[in-house]
Amino acid sequence: MEERVYNFSAGPATLPLPALKEAQEHFLALPGAGASIIEISHRSKTFAAILESAKSNVKELLQVPDNYEILFLHGGASLQFSMAPMNFLRGSGKAAEYVVTGSWGVKAVKEAKKEGDIRIVWDGKSENYVRVPDWAEIAFSEDAAYIHITTNETIQGVEFQQFPDTGSVPLIADASSDIMSQPIPVEEFGMIYAGAQKNMGPAGVALVILRKDLLDRTPEGLPALLDYKVMVEGNSLYNTPPAFGIYVIMLVTKWLREEIGGLREMAKLNRKKAALLYDVIDSSDGFYKGHAKSQSRSIMNVTWRLPDTDMEADFIKQAALQKLEGIKGHRSVGGCRASIYNAVSLEAVETLCDFMKNYQSKNG
Ligand SMILES: *Cc1c(COP(=O)(O)O)cnc(C)c1O
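Residues numbered from 1 in each chain as written. Predicted model: local features only at pLDDT ≥ 70, side-chain atom pairs only at ≥ 80, totals over all residues. Heavy atoms only, no water.

Trainee: In this structure, what is going on with the site of the ligand? I would like to understand it.
Mentor: Residues in contact with the ligand amount to 13 residues; listed here are only the nearest, S78, T154, D174, Q197 and K198. At 2.9 Å from an oxygen atom of the ligand is found a side-chain nitrogen or oxygen belonging to Q197. At a separation of 2.5 Å, an oxygen atom of the ligand approaches a polar side-chain atom of K198. Protein chains shield 88% of the accessible area of the ligand, which is 390 Å² for the free molecule. Considering each element in turn, the shell around the ligand owes the most residues, 4 residues, to helix 3 (residues 76-88). When grouped by side-chain class, the residues that make up the shell around the ligand number 3 nonpolar, 8 polar and 2 charged. (Near = heavy atom within 4 Å. Polar contact = N/O pair within 3.5 Å; in protein donor to acceptor, adjacent residues only side chain to side chain. Areas by Shrake-Rupley, 256 points an atom, 1.4 Å probe, with all protein chains shown as cover. Helix = DSSP H or I, 4+ residues; strand = E, 2+ residues; numbered from the N terminus. Nonpolar A, V, L, I, M, F, W, Y, C, P; charged D, E, K, R; others polar.)

Trainee: I tried to follow helix 6 (residues 243-260) on my own but got confused; where do I start?
Mentor: Because the α-helix completes a turn every 3.6 residues, residues three or four places apart line up on one side. Between its first and last C-alpha, helix 6 extends 25 Å over 18 residues, near the 26 Å set by a 1.5 Å rise per residue. Buried within helix 6 we find A243, G245, I246, Y247, V248, I249, M250, L251, V252, T253, W255 and L256. Considering only its buried residues, helix 6 is in contact with helix 1 (17-25), helix 2 (45-62), strand 2 (68-74), strand 10 (205-211) and helix 7 (263-282). In the stretch just after helix 6, G261 is the one whose phi turns positive, near 95°. (Expected span 1.5 Å × (residues − 1). Buried < 20%, exposed > 50% of the residue type's maximum accessible area, 1.4 Å probe, protein only. Contact = heavy atoms within 4.5 Å.)

Trainee: Whenever I open this one, the side chain of S339 confuses me. Can you help?
Mentor: With respect to the helices, strands and loops of the structure, S339 is situated in strand 14 (residues 336-339). Overall, the relative accessible area of 0% leaves S339 in the buried class. Excluding anything up to four places from it in sequence, S339 contacts N7, F8, S9, A10, M300, N301 and V344.

Trainee: Would you mind going over the packing of aromatic side chains with me for this structure?
Mentor: To describe a pair of aromatic rings, one takes the distance between the centres and the angle between the planes. What the rule picks out here adds up to 16 aromatic pairs. Look at F244 and Y247: their rings are 6.3 Å apart centre to centre, the planes differ by 50°, and that puts the pair in the tilted class. One end of the pair, F244, and the other, Y247, are both in helix 6, 3 residues apart, so they sit about a helical turn from each other. When its relative accessible area of 30% is taken as the criterion, F244 is described as partly exposed. On the basis of relative accessibility, which here comes to 2%, the residue Y247 falls in the buried class. Ring pairing ties together the aromatic residues F287, Y288, W304, F315, F355 and Y359, which thus form one cluster. (Phe/Tyr/Trp six-rings, centres within 6.5 Å; stacked < 30°, edge-to-face > 60°.)

Trainee: Even after reading the chapter, I still don't get the packing of helix 2 against helix 6, so can you show me in this structure?
Mentor: Relative orientation and spacing of two packed helices are given, respectively, by the angle between their axes and the distance between those axes. In the contact formed by helix 2 and helix 6, the axes pass within 9 Å of each other and the chain directions differ by 45°. Considered as vectors, helix 2 and helix 6 are oriented oblique to each other. With respect to the hand of their crossing, helix 2 and helix 6 are arranged in left-handed fashion. Of the residues in helix 6, those touching helix 2 at F47, I50, L51, S53, A54, S56, N57, V58, E60 and L61 are A243, I246, Y247, M250, T253, K254, L256 and R257. Partitioned by chemical class, the residues of the contact of helix 2 with helix 6 number 11 nonpolar, 4 polar and 3 charged. (Axes fitted to C-alpha atoms, helices over the stretch in contact; angles between N-to-C directions. Parallel < 35°, antiparallel > 145°, perpendicular 65-115°, else oblique. Left-handed = near helix turned anticlockwise from the far one by under 90°.)

Trainee: Could you clarify how one ought to interpret the pairing of strand 8 (residues 171-174) in this entry?
Mentor: In the case of a regular strand, side chains alternate between the two sheet surfaces. Going residue by residue along strand 8, you find L171 and A173 tucked away on one face and I172 and D174 tucked away on the opposite face as well. As judged from the 3 bridges shared by strand 8 and strand 9 (residues 191-195), these two strands associate in the parallel manner. Opposite D174, over in strand 9, you have Y193 as the bridge partner. (Pairing = 2+ DSSP bridges.)

Trainee: Teacher, can you tell me more about the sheet that holds strand 14 here?
Mentor: Strands in a sheet are paired, the pairing made by backbone hydrogen bonds, and the direction either parallel or antiparallel. As summarised here, the arrangement of the 3 strands in space is 11-12-14, forming an open sheet in which the pairing is antiparallel. Strand pairing shows two members of the sheet lacking a second neighbour, strand 11 (289-290) and strand 14, which therefore form its edges. Relative to strand 12 (residues 301-305), strand 11 runs antiparallel, the two sharing 2 bridges. Residue pairing across strands places K289 opposite R305, the latter belonging to strand 12. Contacts between helix 7 and the sheet are confined to strand 11, strand 12 and strand 14, with strand 12 contributing the most and set at about 15° to the helix.

Spelled out as structure tokens, the structure:
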């Protein structure tokens, strides 16, 4: 078999080997089914058990209270940019408030505008998205349809560690790139959504955790697949679900529970990995320049620059020779980015840190 690289890709991203191996082992014939996950009915007992197991793993890991629904929907995180405002803004007579801390927030706003009035209550653009705001900087109104944040901006590498008290206005979060990386107080949110391909599974499926009372607000006449009420009533099985994605999410969440020991343990490991990398950046005498301000630094996506773009290109090329892959920054911002999601091992991060120190001593 071709050797696996140290994969720092921002997404789709590396997944835990035990989960991949189990998927491989059972790919031709799932126990009890004698056929693969992509060949069996989504109404079968085998699939029902997989779906329930994925849901109960999510519920336990994220401590999801009983008054929330857990859904697995098509269309990735980006469809939620539309689906959330379709359900909770369209026809509400209210405006929705968006906190924009990076590129994904910009995209969320763009889609939401098609559904109704949007107020951008904080925008990091003028500062080049180097930080998240203090909540005290923002005056949310009491009559918004909802407030939307991006918990972790994957491209810029800025992350919230605390969430605002929005009173009776539902807080909706795109948590695609830090879901399951650490505990999150679900009860403070109206809805949390996340595309699977950063920390949970393959692309195409989004996890949606939705407070049940919000279903009373959805307008009539939405397309079935874009109507949370329909998807809840069908238990994510209104039509054929993204079965393979749900299956891998089940395996990855099982790994998180059984091998990692839950999100507190995962967070400890993630913080350790992030600290190692930020320490290399901070102790480089300015050779490496971190993009995000210290207080806002992401524990999932570490972003930095080198003295010039030629050196950045060389750095990325040299890194690849050490099997360190996926560290080129997003095309919109340049520089370097190491995505150190849950499945990126401490060893991978240590190897990258050693490479960075070596590279600086040769080129600094
Ligand atoms: C990757 C990402 C998305 C887009 O996910 P898709 O599944 O490709 O739609 C949205 N938001 C954030 C924060 C992301 O990291």
